[in-house]
Amino acid sequence: MTEELDLSGHNSDAGSEEVVLTPAELIERLEQAWLNEKFAPELLESRSEIVECVMEQLDHMEDNLRRAKKGDLKVSIHRMEMERIRYVLSSYLRCRLMKIEKFFPHILEKEKTRPEGEPSSLSPEEFAFVKEYMANTETYLKNVALKHMPPNLQKVDLLRSDLDSYVFLRVRERQENILVEPEIDDQRDYVIDLEEGSQHLIRYKTIAPLVASGAVQLI
Amino acid sequence: MFCEKAMELIRELHRAPEGQLPAFNEDGLRQVLEEMKALYEQNQSDVNEAKSAGRGDLIPTIKFRHCSLLRNRRCTVAYLYDRLLRIRALRWEYGSVLPNALRFHMSAEEVEWFNHYKKSLATYMRSLGGDEGLDITQDMKPPKSLYIEVRCLKDYGEFEVDDGTSVLLKKNSQHFLPRWKCEQLIRQGVLEHVLP
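Residues numbered from 1 in each chain as written. Chains lettered and ligands numbered in written order. Predicted model: local features only at pLDDT ≥ 70, side-chain atom pairs only at ≥ 80, totals over all residues. Heavy atoms only, no water.

Trainee: Quick question: what am I supposed to make of the overall build of chain A here?
Mentor: A tally of helices and strands in chain A yields six helices and seven strands. Order of helices (α) and strands (β) in chain A, N terminus to C terminus: β-β-α-α-α-α-α-β-β-β-β-α-β. Per-residue burial for chain A yields a buried fraction of 42% across its 219 residues. Restricting to contacts in chain A with at least 6 residues of sequence separation, those with at least 24 account for 65%. By element, 49% of the accessible surface of chain A is carried by carbon and sulfur atoms, the whole surface being about 12700 Å². (Helix = DSSP H or I, 4+ residues; strand = E, 2+ residues; numbered from the N terminus. Buried < 20%, exposed > 50% of the residue type's maximum accessible area, 1.4 Å probe, protein only. Contact = heavy atoms within 4.5 Å. Areas by Shrake-Rupley, 256 points an atom, 1.4 Å probe, with all protein chains shown as cover.)

Trainee: In this structure, what is going on with the pairing of strand β3 (residues 166-171) of chain A? I would like to understand it.
Mentor: Successive residues of a regular strand alternate their side chains across the two faces of the sheet. All names here are of chain A. Only one face of β3 is buried: it carries Val 167, Leu 169 and Val 171, and the other face, with Tyr 166, Phe 168 and Arg 170, is open. When β3 meets strand β6 (residues 199-203), the two strands line up antiparallel, connected through five bridges. Opposite Phe 168, over in β6, you have Leu 201 as the bridge partner. By the bridge criterion, three bridges tie β3 to strand β7 (residues 216-218) in an arrangement that is antiparallel. Along β7, the bridge assignment pairs Leu 169 with Leu 218. (Pairing = 2+ DSSP bridges.)

Trainee: Would you take a moment to explain the sheet that holds β6 of chain A for this structure?
Mentor: Think of a sheet as strands paired side by side through backbone hydrogen bonds, with each pair either parallel or antiparallel. Residue and element names in this part refer to chain A. One open sheet holds the three strands; their spatial order is β6-β3-β7, and the pairing between them is antiparallel. One side of each edge strand has no neighbouring strand; the edge strands of this open sheet are β6 and β7. The average angle at which neighbouring strand axes cross in this sheet is 40°, direction not considered. Most of the contacts of helix α1 (residues 23-39) go to β7, to which it runs at about 65°, and overall it touches β3 and β7. (Axes fitted to C-alpha atoms, helices over the stretch in contact; angles between N-to-C directions.)

Trainee: Please clarify how helix α5 (residues 108-126) of chain B should be interpreted in this entry.
Mentor: An α-helical turn contains 3.6 residues, so a residue and the one three or four places further along point in the same direction. Over its 19 residues, α5 of chain B runs 27 Å from end to end, which matches the ideal 27 Å to within 8%, given 1.5 Å per residue. Looking at α5 of chain B, one finds that the buried residues are Glu 110, Trp 113, Phe 114, Tyr 117, Ser 120, Leu 121, Tyr 124 and Met 125 of chain B. Summarising the axial view, the buried residues of α5 of chain B lie within an arc of 130°, below the 170-degree limit, and thus occupy one face. Exposed and facing more than 90 degrees away from the buried side of α5 of chain B are Ala 108, Lys 119 and Arg 126 of chain B. Structurally, α5 of chain B contributes buried residues whose contacts are with α3 (73-102) and α5 (124-144) of chain A together with α3 (59-94) of chain B. (Expected span 1.5 Å × (residues − 1). Arc of directions from axis to C-beta.)

Trainee: Please clarify how the pairing of strand β3 (residues 166-169) of chain B should be interpreted in this entry.
Mentor: Residue and element names in this part refer to chain B. Taking every second residue as pointing to the same face, the buried face of β3 carries Val 167 and Leu 169, while none of Ser 166 and Leu 168 on the other face is buried. Sheet analysis places strand β2 (residues 157-160) next to β3, joined by four bridges and oriented antiparallel. For Glu 158, the partnering residue across the bridge sits in β3 and is Leu 168.

Trainee: For this particular structure, what's the right way to read the side chain of His 175 of chain B?
Mentor: Residues and elements named next belong to chain B. On the secondary structure map, His 175 appears in strand β4 (residues 174-178). Given a relative accessible area of 12%, His 175 falls into the buried group. Reaching out from His 175, the side chain makes a polar contact with the side chain of Ser 173 at a distance of 2.8 Å. With near-sequence residues (within four places) excluded, His 175 lies in contact with Ile 148, Glu 149, Val 150, Val 167, Leu 168 and Leu 169. (Polar contact = N/O pair within 3.5 Å; in protein donor to acceptor, adjacent residues only side chain to side chain.)

Trainee: Before we go on, may I ask you to explain the nonpolar core in this structure?
Mentor: Nonpolar side chains in soluble globular proteins generally cluster together in the buried interior. Ranked by internal contacts, the top residues of the largest apolar core, which has 73 residues, are Val 54, Leu 89, Leu 93 and Tyr 140 of chain A together with Leu 80, Tyr 124 and Ile 136 of chain B. Apart from the residues lying within four places of it in its own chain, the contact partners of Leu 93 of chain A are Val 51 of chain A together with Tyr 124, Leu 128, Leu 134 and Ile 136 of chain B. Judged by nonpolar contacts, the second largest core, of 16 residues, contains Val 171, Leu 194, Tyr 204 and Ile 207 of chain A. (Core = buried A, V, L, I, M, F, W, Y, C linked by side-chain atoms within 4.5 Å.)

Trainee: In this structure, what is going on with a nonpolar patch on the surface? I would like to understand it.
Mentor: A cluster of nonpolar side chains, contributed by Tyr 166, Phe 168 and Leu 201 of chain A, occupies part of the molecular surface with about 330 Å² of accessible area. Of note, Phe 168 of chain A is situated in strand β3. (Patch = residues over 30% accessible without salt bridge, like charges linked within 9 Å, V, L, I, M, F, W, Y side chains within 5 Å. Salt bridge = Lys/Arg side-chain N within 4 Å of Asp/Glu carboxyl O.)

Structure below.
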């Protein structure tokens, strides 16, 4: 299991870099994506390439195990490893699905008005799922209640992500001059530096772009 | 007072602990919709009065009825949507076949919503790569050990384990099985994890 994995996969347009990862690095990326997704209040950028590579990795491991001698101790250990990886991957995808279902009107709108070139927060499969979820839920609410209501009241608004919620983070790359906006009128804007390796409790909105770029890791 | 029935719907759900689904209150919903219709019609006629006969004194009443309408709508949508969320949770808890007791508490439209939802979910999971995709409704907890001791709580029949062999799950029989295979059966109450 020392093969390396090519993460560039399916983008052939100019500007995409080829990243070749060892399996261990891939799993580390998966775990980072998982933790970030768990602790961020909004849906983060889709990481389909990691999902695809991890699925491939699991398939390879399954194949290897099938060919191994039965009763070999290594088999149990590798099975444990596969279970762990499957758990993290499932948890990551579940977390995303929960957020998608929770904030579906705004996520859909954001996707529909996304400018060309900006990365999507939905994989194509998630996009299909949320469209169906929207149609299903809208149809249900309309047929059971809304269409029986007076004409001017037939549209409704649902939840939005709370970007002001606080998150814990660890700094991976030093950042300077991060502007922190005041929460109450008495306070003023102030600027902070984030030292590499330091940990902070801060409002998500302030550091959202740093999560996307990988400069900080949510914990 | 207006919105009483709507509040009752909300209270009914508030009383039911998470994961439980009380019976669909069709009657209650109908009454709220009827109240909304009545309020709207009264407002329409008052608005006409106010405009044509200059009855500005009607405006506070109109506003009040409008607030009640908004409140009724908000309560109704909250009631219906909260139930959908509970029903959605059932798919994750029990799998795609719901116990009859729960199904009887759902309206026909809710059952339809559930069927669409599980179909969407199945399509999504299948698309995740590999031959059959990934069933993300499994592996709900971090794995602690590979195999677990389970006791069978009811007769279930043949159950296939990984390499083609199968076990007969009879009531009170005990087995040492792969953890991930047992998860759903444990949740459904067919198997019980026997702690060492």
